[in-house]
Amino acid sequence: MTEALTLPPPEISTPPAATTKWEREYQAFIRLLPTLLQTHRGKFVAIHGEQVVDSGDDPIALIKRVHARYGYVPIHVDQVTDQPPAPIRIPLL
């Protein structure tokens, strides 16, 4: 009898997960955060095209300005802070 030949398992490459525009904008915010902490601490910034396109104190007004300028496209708006967001409590009815 001949011995069975055992082959290593085939290598299966998985394609990188498709990222959405919003995910790219969020990753850009995280990447830019150290610099933004020096220049925009406490402000809200809007990220479009992986760069800061506007900033301000009111996130709703900021979103409206950016959408008026660039159209209704996915953007990321976040407050520039080094603190974690406060917990949100939703009461049960």
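Predicted model only: the values in this text are computed from it and were never measured.

Definitions and limits used
Residues numbered from 1 in each chain as written. Predicted model: local features only at pLDDT ≥ 70, side-chain atom pairs only at ≥ 80, totals over all residues. Heavy atoms only, no water. Pairing = 2+ DSSP bridges. Helix = DSSP H or I, 4+ residues; strand = E, 2+ residues; numbered from the N terminus. Axes fitted to C-alpha atoms, helices over the stretch in contact; angles between N-to-C directions. Salt bridge = Lys/Arg side-chain N within 4 Å of Asp/Glu carboxyl O. Buried < 20%, exposed > 50% of the residue type's maximum accessible area, 1.4 Å probe, protein only. Core = buried A, V, L, I, M, F, W, Y, C linked by side-chain atoms within 4.5 Å. Contact = heavy atoms within 4.5 Å.

**Student:** I tried to follow the sheet that holds strand β2 (residues 51-56) on my own but got confused; where do I start?
**Tutor:** Whenever strands of a sheet pair, they do so through backbone hydrogen bonds, lying parallel or antiparallel. Taken together, three strands build an open sheet; the order of strands is β2-β1-β3 and the sheet is antiparallel. Strands with a single pairing partner mark the edges of an open sheet, and in this sheet they are β2 and β3 (76-79). Going from strand to strand, the sheet's axes swing by 25 degrees on average, the running direction of each strand aside. Two elements, strand β1 (residues 44-48) and β3, share four bridges in a ladder whose sense is antiparallel.

**Student:** Got a minute to help me understand the pattern of salt bridges in this structure?
**Tutor:** Pairing between side chains becomes possible if they bear opposite charge and their charged atoms approach one another. Across all of its chains, the model carries six salt bridges by this definition. The salt bridge partner of K43 is D57, with a shortest N-O separation of 3.0 Å. Placement of the pair is K43 in the loop between α1 (21-39) and β1 and D57 in the loop between β2 and α2 (59-70), with a sequence separation of 14 residues. Relative accessible area serves as the criterion here: at 32%, K43 is assigned to the partly exposed category. Residue D57 is classed as exposed on the basis of its relative accessible area, which comes to 56%. Taken together, the shared-partner salt bridges in this structure form one network comprising D54, R65 and R69.

**Student:** What is the right way to read the environment of I30 from this model?
**Tutor:** Tracing the chain through its elements places I30 in helix α1. Judged by its relative accessible area of 39%, I30 is partly exposed. Separated by 50 residues in sequence, I30 and V80 have C-alpha atoms that sit 9.9 Å apart.

**Student:** Can you help me understand the nonpolar core in this one?
**Tutor:** One recurring pattern in soluble globular proteins is that nonpolar side chains are buried together. One finds A28, F29, L33, L36, L37, V45, I47 and V80 forming the largest nonpolar core, which totals eight residues. Contributing elements (two or more residues each) for this core: α1 and β1. Sort the elements by how many residues they give to this core and α1 lands first, with five residues. Setting aside anything within four residues of it in sequence, one finds V80 in contact with F29, L33, L36, L37, H40, R41, G42, K43 and V45.

By themselves, these figures tell us nothing about what the structure is for.
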